[in-house]
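Below are the chains, spelled out letter by letter.
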Amino acid sequence: MKLLVIGGTGKTGRELIKQGLADGHVITAIARSPIKLKFDHPNFSVVKGDVLIPDSLEKPFQGQDAVLSALGHKRFFIKTTILSRGTKNIINGMNNNGVKRFICITSLGIKDSKFKLGLYYTLFTIPVILLFYFLDKSKQEELIMKSNLDWTIIRPGQLTNGKKRSDYKHDVKAGNYILTKMISRASVAHFILKNLDSNLYSRKAVGLTN
Ligand SMILES: NC(=O)c1ccc[n+]([C@@H]2O[C@H](COP(=O)([O-])OP(=O)(O)OC[C@H]3O[C@@H](n4cnc5c(N)ncnc54)[C@H](OP(=O)(O)O)[C@@H]3O)[C@@H](O)[C@H]2O)c1
């Protein structure tokens, strides 16, 4: 398939590109700094773009079969709308170019998975560190759910840089109220690529944990 990856310079995005190319997909990445992506592969290309600049998103969306987003940032203590504004622009870019399939990573702890990142996140990390980020992620999910796209929202537990596994759990009810469940970025990428043309989680949010 022809896949457009957003957030490809990030840790999960790199896994999506690496595993996607190994699976035989043709991958275009949108990156603010294309120089950061040095995949030497005939099926890979990178286009300079920023999800906050709608004009930079038009061309790379043309002719894609699916858009995969691993968009994120670390400006946790500032009230930003990067995720929701960026996602609105992504959805518009998809609509303008007739691309239907959208798989987007958010997080456990959002909306009906509230409190499911475990007690430590519920009582400390989310209210103290990630409050603005999670509010924006919640808006991001709302925009995706309201769209007419064939979307799947991926809600991982705490991400690790561990190895790819295939025995992880995926469920709309995944997560745990007490313990913080984890999953590797490589496993998240594996799940996304495995579900590209599956309708198991079409227009659903699915939790992923070990
Ligand atoms: N860390 C956890 O435990 C955890 C748990 C659950 C869910 N998640 C979520 O999982 C997702 C992936 O996490 P990660 O750690 O792989 O992310 P990451 O390494 O922080 O990567 C984020 C990506 O988003 C890109 N980006 C940011 N602003 C952009 C913009 N305006 N236009 C285009 N690209 C932009 C970054 O590009 P630049 O290189 O240009 O900055 C980077 O490629 C995130 O949404 C994160 O919140 C994380």
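Just above, that's the structure.
What this report covers is the structure whose coordinates are included nearby. (Residues numbered from 1 in each chain as written. Predicted model: local features only at pLDDT ≥ 70, side-chain atom pairs only at ≥ 80, totals over all residues. Heavy atoms only, no water.)

**Here's the deal with the pairing of strand β10 (residues 204-209)**
1) Next: The buried fraction of β10 is high, at five of six residues.
2) Next: Two strands pair when backbone bridges link them, and strand β6 (residues 150-156) and β10 are joined in this way by five bridges, in the parallel orientation. By the bridge assignment, R155 is partnered in β10 with G207.
3) Next: Alignment of strand β8 (residues 169-171) against β10, held across three bridges, turns out to be antiparallel. In the strand pairing of β10, H170 is matched with L208. (Buried < 20%, exposed > 50% of the residue type's maximum accessible area, 1.4 Å probe, protein only. Helix = DSSP H or I, 4+ residues; strand = E, 2+ residues; numbered from the N terminus. Pairing = 2+ DSSP bridges.)

**Details of the side chain of S69**
1) Next: Along the polypeptide, S69 turns up in strand β4 (residues 66-69).
2) Next: With relative accessibility at 1%, the residue S69 sits in the buried group.
3) Next: Sequence-distant contacts of S69, defined by excluding residues within four places in its chain, comprise I6, I90, F102, I103, C104 and I105. (Contact = heavy atoms within 4.5 Å.)

**Notes on a positive patch on the surface**
1) Next: A cluster of basic residues, R14, R32, K36 and R75, forms a positive patch on the protein surface.
2) Next: With respect to the helices and strands, the residue R14 is situated in helix α1 (residues 11-22). (Patch = residues over 30% accessible without salt bridge, like charges linked within 9 Å, V, L, I, M, F, W, Y side chains within 5 Å. Areas by Shrake-Rupley, 256 points an atom, 1.4 Å probe, with all protein chains shown as cover. Salt bridge = Lys/Arg side-chain N within 4 Å of Asp/Glu carboxyl O. Lys, Arg positive; Asp, Glu negative; His and termini not counted. Charge placed at Lys NZ, Arg CZ, Asp CG, Glu CD.)

**A closer look at α1**
1) Next: Taking 1.5 Å of rise per residue, 12 residues should cover 16 Å, and α1 covers 17 Å from first to last C-alpha, within 8% of that figure.
2) Next: For α1, the set of buried residues is T12, G13, E15, L16, I17, Q19, G20 and L21.
3) Next: Taken from the residues just after α1, G24 is the one with a positive phi, measuring 95 degrees. (Expected span 1.5 Å × (residues − 1).)

**Topic: the site of the ligand**
1) Next: Neighbouring residues of the ligand: 25 residues in total, closest T9, T12, R32, L71 and Y133.
2) Next: Contact between the ligand and K11: an oxygen atom at 3.0 Å from a main-chain N or O atom of the residue.
3) Next: Within the contact set of the ligand, an oxygen atom lies 2.8 Å away from a side-chain nitrogen or oxygen of K137.
4) Next: Judged by its atoms lying within 2 Å of the grid points, the ligand is housed in the largest pocket. (Near = heavy atom within 4 Å. Polar contact = N/O pair within 3.5 Å; in protein donor to acceptor, adjacent residues only side chain to side chain. 1 Å grid on protein atoms, 1.4 Å probe; cavity = no way out; pocket = protein on both sides within 12 Å on 5 of 7 lines; lining within 4 Å. Sits in = over half its atoms within 2 Å of the grid points.)

**Some remarks on the packing of aromatic side chains**
1) Next: Evaluated as defined, the whole model comprises five aromatic pairs.
2) Next: Residues F76 and Y133 carry aromatic rings whose centres are separated by 5.0 Å and whose planes lie at 70 degrees to one another, so their mutual orientation is edge-to-face. Of this pair, F76 sits in the loop between β4 and α3 (82-97) while Y133 sits in helix α5 (residues 131-146), placing them 57 residues apart in sequence. Each member of the pair, F76 as well as Y133, carries the same accessibility label: buried.
3) Next: Ring geometry for Y120 and F124: centres 5.5 Å apart, planes at 45 degrees, overall tilted. In this pair, Y120 and F124 are both assigned in helix α4 (residues 119-129), four residues apart and thus about one turn of the helix distant. (Phe/Tyr/Trp six-rings, centres within 6.5 Å; stacked < 30°, edge-to-face > 60°.)

**With respect to α5**
1) Next: When the terminal C-alpha atoms of α5 are compared, their 23 Å separation across 16 residues agrees well with the 22 Å that a helix rising 1.5 Å per residue should span.
2) Next: Regarding α5, the residues found buried are Y133, F134, D136, K137, S138, Q140, E141 and I144.
3) Next: Contact partners of the buried residues in α5: α3, β5 (101-105), α4 and β6.

**Quick notes on the layout of surface pockets**
1) Next: Quantified by volume, the largest pocket comes out at close to 1,200 Å³.
2) Next: Considering the residues around the largest pocket, the lining is formed by 40 residues, among which L71, G72, H73, K74 and Y133 are closest to the centre.
3) Next: Where the lining of the largest pocket is concerned, the elements lending two or more residues are α1, β2 (26-31), α4, α5 and β7 (158-160).
4) Next: Of the residues contributing to the lining of the largest pocket, the split by class is 18 nonpolar, 14 polar and eight charged. (Points joined across faces, edges and corners; volume = space filled by probe spheres on them. Nonpolar A, V, L, I, M, F, W, Y, C, P; charged D, E, K, R; others polar.)

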